[in-house]
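Chains, contacts and geometry: an overview
Here is how the chains run, residue by residue.
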Amino acid sequence: GDVYKRQSLGHSTRNFEEHCQCRRILVVDDNEFNQLALCTKLEARRYHVVKAFNGIAALTELDTIFSDSSKKCKTYGCRRVSVVIMDVDMPEMNGLEATRVIKEKQREGEISVFPIIGCSAFDTADDIEAARQAGMIDYISKPVKDSRLDEVLKKLSLIHI
């Protein structure tokens, strides 16, 4: 099947999450400049951006989004994340390890299912395959080009071009 099709774990909020239009994207990058550049691009496209600086911080942020009622979307009250854009090479917990943990939490039903996009300046075939093996469904090379970002977001049906 198409890796971009939305999946559902059957949460009680499933119907709301499927129809929710909150465009929340978690950007995970340890480099402040890279994070700011990507967040600026996403905010210009009217996304609500949540930031984390490494894999551990990303897991903490996701746990907060899915457990803290004050983090619910204002429209439907869901705890949905549209997508995570994850740097691959970070200190403490890299993006590949964080992706594997997130995928396990999704399988266990602890958090809803959302796609994870790898993002790195290292974009050899081996790098991209390692990201895919970890559970990332696509890969964006740094520096992030607007056209590539739009292409990935369109595949995810998050924008209409």
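Residues numbered from 1 in each chain as written. Predicted model: local features only at pLDDT ≥ 70, side-chain atom pairs only at ≥ 80, totals over all residues. Heavy atoms only, no water.

1. Quick notes on the side chain of D29
Where we set the bar: Numbering of helices and strands runs from the N terminus, with a helix taken as a DSSP run of H or I at least four residues long and a strand as a DSSP run of E at least two residues long. We call two residues contacting when some pair of their heavy atoms lies within 4.5 Å.
With respect to the helices and strands, D29 occurs in the loop between β1 (24-28) and α2 (32-44). Among residues more than four places away in sequence, those in contact with D29 are N34, Q35, A52, F53, D87, M90 and K142.

2. A few points about the pairing of strand β3 (residues 83-87)
Cut-off, in case you're wondering: Partly exposed residues are those whose accessible area sits between 20% and 50% of the maximum for their type, while under 20% is buried and over 50% is exposed, using a 1.4 Å probe and protein chains only. At least two bridges found by DSSP between two strands are what make those strands a pair. Crossovers are marked right-handed if the path from the first strand over the helix to the second runs clockwise, as seen with the strands pointing away from the viewer.
Counting buried residues in β3 gives 5 out of 5 residues, a clear majority hidden from the surface. A two-sided burial pattern is seen for β3, the buried positions comprising V83, I85 and D87 on one face and V84 and M86 on the other. As judged from the 4 bridges shared by β1 and β3, these two strands associate in the parallel manner. Looking across to β3, one finds that V28 is bridged to M86. Bridging between β3 and strand β4 (residues 116-120) involves 4 bridges; their strand directions are parallel. Note that in β4 the partner of I85 across the bridge is I117. Regarding topology, helix α4 (residues 95-107) serves as the crossover connection from β3 to the parallel β4, and that connection is right-handed.

3. What about the packing of aromatic side chains?
The condition is simple: Geometry of aromatic contacts follows a simple scheme: Phe, Tyr and Trp rings, the Trp one being its six-membered ring, pair when their centres are within 6.5 Å, and the pair is stacked under 30 degrees between planes, edge-to-face over 60, tilted otherwise. Geometrically, a lysine NZ or arginine CZ counts as sitting over a ring once it is within 6 Å of the ring centre and also within 35 degrees of the ring normal.
Enumeration over the complete set of coordinates arrives at 1 aromatic pair. Taking the centre distance of 6.3 Å and the plane angle of 10° together, the rings of F66 and F114 count as stacked. Remark: F114 occurs in the loop between α4 and β4 and F66 occurs in helix α3 (residues 55-67); sequence separation between them is 48 residues. There is no split in this pair, since F66 and F114 are both buried. R23 extends its terminal NZ or CZ atom over the ring of Y47, reaching a point 3.9 Å from the ring centre.

4. What to know about the packing of α3 against α4
For clarity, the threshold we go by: Note on method: axes are straight lines fitted to C-alpha atoms, helices fitted across the in-contact stretch only, with angles between N-to-C directions ranging 0 to 180 degrees. Angular relationships are summarised with four words: roughly parallel below 35 degrees, roughly antiparallel beyond 145, roughly perpendicular across 65 to 115, and oblique for the angles in between. Helix crossings are classified by the rotation of the near helix relative to the far one: an anticlockwise turn of less than a right angle makes the crossing left-handed, while a clockwise turn makes it right-handed. Three classes are used, and their members are as follows: Ala, Val, Leu, Ile, Met, Phe, Trp, Tyr, Cys and Pro are nonpolar, Asp, Glu, Lys and Arg are charged, and the others, Gly among them, are polar.
As a packed pair, α3 and α4 sit with axes 9 Å apart at the nearest point and diverge in direction by 25°. Considering the angle they form, α3 stands roughly parallel to α4. As α3 runs across α4, the sense of the crossing is right-handed. The residues of α4 that touch α3, namely those facing G55, L59, L62 and D63, are A98, V101, I102 and K105. Of the residues in the contact of α3 with α4, the class split is 5 nonpolar, 1 polar and 2 charged.

5. Here we look at the sheet that holds strand β5 (residues 138-141)
In spatial order, the strands read β2-β1-β3-β4-β5; together these 5 strands make up an open sheet with parallel pairing. Where the open sheet ends on each side, the last strands, each with one partner, are β2 (48-52) and β5. Averaged over all neighbouring strand pairs, the angle between strand axes comes to 20°, with direction disregarded. Lying over the sheet, α4 contacts β3 and β4, oriented at roughly 150° with respect to β3.

6. Points about the pairing of β5
Of the strand pairs in this sheet, β4 and β5 are connected by 4 bridges, and their pairing is parallel. When the bridges of β5 are listed, I117 appears paired with D138.

7. Comments concerning the confidence of the model for the protein chain
Here is the rule: Confidence of the predictor at the level of single residues is given by pLDDT, which spans 0 to 100.
Taken over all residues, the pLDDT of the protein chain has a mean of 83, while the share at 70 or more is 77%. Long-range and interchain partners of residues 1-18, a stretch whose pLDDT sits below 50, account for 25 contacts in this model, where long-range means more than four residues apart.

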